[in-house]
Amino acid sequence: MATNSWINETLYPTWGQRFLVKRELARVRSDFQDIVIFESFNHGCVMLLDGVVQITEGDEFVYQEMITHVPLLAHGCATNVLIIGAGDGGVLRRVLQHTTVAKAVMVEIDGEVIRLAKEFLPNIAGDAWVDPRADVVVGDGIDYVRQAPDASFDVIIVDSTDPIGVGEVLFTDEFYANCARILTSGGLVVNQCGVPFMQHDELSETSTRRAKFIPHVGAYVAAVPTYVGGFMTLGFAAKQPKLDSVPVETIRARAVAAGIAGITHYWTPEIHVSAFHLPPYIAQHLPRGSSSNIRSD
Ligand code: SAM
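Note that the coordinates shown come from a computational prediction; the quantities given were computed from them, not determined experimentally. Each chain has its residues counted from 1, running along the sequence as written. The predicted origin of the model limits local features to residues at a pLDDT of at least 70 and limits the giving and counting of side-chain atom pairs to 80 or more, whereas totals for whole chains, interfaces and linings rest on all residues. No hydrogens and no water enter the side-chain calculation; it runs on all heavy atoms of the structure.

1. Some remarks on the site of the ligand
Part 1 of the reasoning: One heavy atom within 4 Å of a molecule or strand is enough for the residue carrying it to be called near that molecule or strand. For the ligand, the set of nearby residues contains 25 residues, the closest of which are Gln54, Tyr63, Glu108, Asp140 and Gly141.
Part 2 of the reasoning: Contacts described as polar in this section are N or O atom pairs within 3.5 Å, which, within protein, must combine one atom able to donate a hydrogen with one able to accept it, while residues neighboring in sequence count only if both atoms come from side chains. With respect to the ligand, the backbone of Gly167 contributes an N or O atom lying 3.4 Å from a nitrogen atom.
Part 3 of the reasoning: Residue exposure ignores everything except the shown protein chains as possible cover, and the areas themselves are Shrake-Rupley values with a 1.4 Å probe. Expressed as a share of its isolated accessible area of 590 Å², the protein-covered part of the ligand is 98%.
Part 4 of the reasoning: Of all the secondary-structure elements, those providing two or more residues to the shell around the ligand are strand E4 (45–49) and strand E7 (103–108).
Part 5 of the reasoning: Throughout this entry, Asp, Glu, Lys and Arg are counted as charged residues, while Ala, Val, Leu, Ile, Met, Phe, Trp, Tyr, Cys and Pro are counted as nonpolar. The remaining residues, Gly among them, count as polar. Within the shell around the ligand, the residues separate by chemical class into 11 nonpolar, 9 polar and 5 charged.
Part 6 of the reasoning: Source of the domain bounds: an automatic or database domain assignment. The residue makeup of the shell around the ligand includes at least three contributed by each of domain 1 (6–56) and domain 2 (60–283). Each helix is a run of DSSP H or I of at least 4 residues and each strand a run of E of at least 2, with the numbering of both proceeding from the N terminus.

Structure representation (structure tokens):
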């Protein structure tokens, strides 16, 4: 990829975004995927896996804050957190911002993603890699949840690639059955469900699957500029009811106690609460009766 050439995202066959490349930083074929990192003109450094934008320095805060702070503060007293995927380290950093968290295990299948993120995107994880509460495992998320003890995590965050290639196993019944088993009785899991305007199957299929094993299923939205196509959805499944409708003042108090208040750029207590109110074009892809399923009919 030459300097000042365009790179096209290949996520959708008939539509997409492109970036003008200021400088290519890495191009690696790992055992699992093609990894490209380049410096852009408007978004800082950008990482693509198999031609799909995973993260840009410019807007990573939206996704990382929403996939982390929402489940942790909805739970209210999460001390043990499991992160699957998220090899750039951004979710790990946001989890460890919670002073209430005692241990965060991150399981990423591709050690090359971690190595390249440390070298070229160091600000995304910051000091998280060396935090004594962090345990970074290079391995397959499905194997990890198979082997983890019962009731060992309060929150599971699944920051995976889309359900193709190595990420596919993270969208299976077996994966969610084990998530249910290893969650504590007040536990919950969130996972990235894509952009429903373009990928509504991801939301409907994973919601139906999660509902088989975890009773209270819903979703919430975040507007991530480089996940093009409007809102992206984050799936939410909890063992206890009403964790997706915790009052705003409770969320605010929990954020203050956890050291999160005032340090975010997208997440606020109000956005946390409102993100569960879904436009009907998104809600229609959740199973009927889902807690976040705000229907217009
Ligand atoms: N936040 C970005 C997004 O949603 O597009 C970043 C996603 S993150 C970089 C996705 C990571 O999940 C990748 O690094 C990939 O290697 C990892 N991954 C995919 N399948 C996995 C599996 N079975 N177990 C663990 N990690 C996996």
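2. Quick notes on the side chain of Thr184
Part 1 of the reasoning: Relative to the helices and strands, Thr184 is located in strand E10 (residues 183–192).
Part 2 of the reasoning: Judged by relative accessible area, Thr184 falls into the buried class, the value being 17%.
Part 3 of the reasoning: Beyond its immediate chain neighbours, meaning those up to four positions away, Thr184 contacts Ala151, Phe153, Asp154 and Lys239. Exposed residues in this analysis have more than 50% of their type's maximum accessible area, buried residues have under 20%, and partly exposed residues fall in between, with area computed by a 1.4 Å probe over protein chains only. Residue contacts are defined here by distance: any two heavy atoms, one from each residue, within 4.5 Å place the two residues in contact.

3. Here we look at the sheet that holds strand E6 (residues 80–85)
Part 1 of the reasoning: The strand order E8-E7-E6-E9-E10-E12-E11 describes an open sheet built from 7 strands, whose pairing is mixed. What marks the edges here is a single partner per strand, and that holds for strand E8 (134–138) and strand E11 (216–222). For this sheet, the mean inter-axis angle between neighbouring strands, taken without regard to orientation, is 15°.
Part 2 of the reasoning: Pairing of strand E9 (residues 153–159) with E10 involves 5 bridges; the strand directions are parallel. Bridge pairing in E10 links Ile156 to Val189.
Part 3 of the reasoning: Packing of helix H7 (residues 196–213) onto the sheet brings it into contact with E10, E11 and strand E12 (232–238), and relative to E12 it is tilted by some 5°. When DSSP finds two or more bridges between a pair of strands, those strands are recorded as paired. To get an axis, a line is fitted to the C-alpha atoms, and for a helix only the part in contact is used. The angle between two axes follows their N-to-C directions and goes from 0 to 180 degrees.

4. Some remarks on H7
Since the α-helix turns once every 3.6 residues, residues separated by three or four places project in the same direction.
Part 1 of the reasoning: Throughout, bend refers to the angle between the axes fitted to the seven residues that end at a position and the seven residues that start at it. Bending of H7 peaks at approximately 30° at the position of Glu202.
Part 2 of the reasoning: Residues Pro196, Gln199, Glu202, Leu203, Thr206, Ser207 and Arg210 constitute the buried set of H7.
Part 3 of the reasoning: On its buried side, H7 packs onto helix H6 (173–182), E10, E11, E12 and helix H10 (280–283).

None of this, on its own, says anything about what the molecule does.
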